[in-house]
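# Per-entry structural report
Letter by letter, the chains look like this.
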Amino acid sequence: MVRKSDIPAPTSRAAGIDICRRRGGRFVNCGRRATDSGVATCPGNRAKGDLVLRSIFAGLFLAAIATAPAVAQDPAAGEKAFVVCRACHQIGPSAKNLVGPELNGVVGRKAGTVPGYTYSQANLHSGLTWDETTLETYLPSPQTIVKGTKMIFPGVKDPQKVKDIIAFLKQFGPDGQKVQ
Ligand code: HEC
């Protein structure tokens with residue numbers, strides 16, 4: 001972490017001099033004030049110091065962005081995007097099978113395993129386990145991944161929304177309680 005003390009001190013600091021004189025629009029002879037515990041810098045030099053500080057922080061900020069994952073997951077946004085799924089699916093403590101099976105604990109669940117729900121043969125025998133990777137390919141185009149599925153839904157095309165929906169689904173354990 002960069003502390004202010006790591007930033008090179010402003011120029012022209014001579015011990016014992018505690019005045020700032022202006023010469024030709026620039027501040028000169030800046031020094032440590034005997035009465036001050038801190039370092040007194042000239043307004044002109046301080047601005048320069050701040051500029052250095054600001055550019056260092058800007059650099060750190062850009063580095064942080066560069067190393068962050070390309071798309072972060074946002075469960076709150078996922079809850080909103082899940083609205084399209086609610087036409088057919090329920091999730092949460094009182095979730096029931098509707099047109100589609102309830103989705104509690106679906107992330108990590110084997111396909112076709114919700115008791116009391118009548119799956120298509122395609123889904124039942126897909127051999128898939130719904131983890132983040134399979135859901136990322138399935139949700140944008142269900143019929144491509146499970147040919148013959150009765151999930152008649154064109155899919156969610158926006159990769160960010162897909163990730164957010166998965167983050168939302170992941171929150172629910174098999175009993176419908178939030179696990180995270
Ligand atoms: C038009 C109704 C409909 C919509 C909308 C819909 N689904 Fe489905 N979904 C189904 C049906 C029906 C099945 C059962 C598929 C089968 O048996 O072939 C299913 C199955 C699934 C499965 C597999 C479940 C399992 O136990 O194997 C997942 C996961 C799933 N849907 C997630 C979603 C998500 C997430 C959305 C929203 C982005 C969504 N679905 C939107 C109807 C729908």
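Now for a description of the structure that goes with this document. Note that the coordinates shown come from a computational prediction; the quantities given were computed from them, not determined experimentally.

Here we take up the overall build of the protein chain. If you tally the helices and strands in the protein chain, you get 7 helices and 4 strands. Mapped in sequence order, the helices and strands of the protein chain form the string β-β-α-α-α-β-α-β-α-α-α. The buried share of the protein chain, reckoned over its 180 residues, is 20%. The long-range share in the protein chain, meaning contacts at least 24 apart out of those at least 6 apart in sequence, stands at 43%.

Moving on, we get to the site of the ligand. Around the ligand sit 26 residues, and of these Cys85, Cys88, Gly100, Ser120 and Asn123 come closest. At the level of secondary structure, the elements contributing two or more residues to the shell around the ligand comprise helix H3 (83–86) and helix H4 (121–124). When grouped by side-chain class, the residues that make up the shell around the ligand number 19 nonpolar, 6 polar and 1 charged.

Let us now look at the environment of Gln90. By the secondary structure assignment, Gln90 is in the loop between H3 and strand S3 (109–110). Spatially, the C-alpha atom of Gln90 lies 8.2 Å from that of Gly100, the residues being 10 residues apart in sequence. In this structure, Gln90 is in contact with Ala95, Lys96, Leu98 and Glu102, ignoring residues within four places of it in sequence.

Attention now moves to the nonpolar core. Residues Leu135, Leu139, Val156, Val162, Ile165, Ile166 and Leu169 are the most contacted members of the largest nonpolar core, which totals 18 residues. Listed by contribution, the elements that provide at least two residues to this core are helix H5 (132–138) and helix H7 (159–170). Here this core takes 6 residues from H7, the largest share from any one element. In contact with Leu135, other than residues within four places in its own chain, are Val107, Trp130 and Ile166.

This part covers the environment of Arg109. Relative to the assigned elements, Arg109 resides in strand S3. Residue Arg109 is classed as partly exposed on the basis of its 18 C-beta neighbours within 10 Å. Taking the C-alpha atoms as reference, Arg109 lies 8.8 Å from Pro174; in sequence the two are 65 residues apart.

Reading the values: rules and limits
- Residues numbered from 1 in each chain as written.
- Predicted model: local features only at pLDDT ≥ 70, side-chain atom pairs only at ≥ 80, totals over all residues.
- Helix = DSSP H or I, 4+ residues; strand = E, 2+ residues; numbered from the N terminus.
- Buried ≥ 20, exposed ≤ 12 C-beta atoms within 10 Å, placed from the backbone.
- Contact = placed C-beta atoms within 7 Å.
- Near = placed C-beta within 6 Å.
- Nonpolar A, V, L, I, M, F, W, Y, C, P; charged D, E, K, R; others polar.
- Core = buried A, V, L, I, M, F, W, Y, C linked by C-beta atoms within 7 Å.

Bear in mind that shape data such as this cannot, by itself, settle questions of function.
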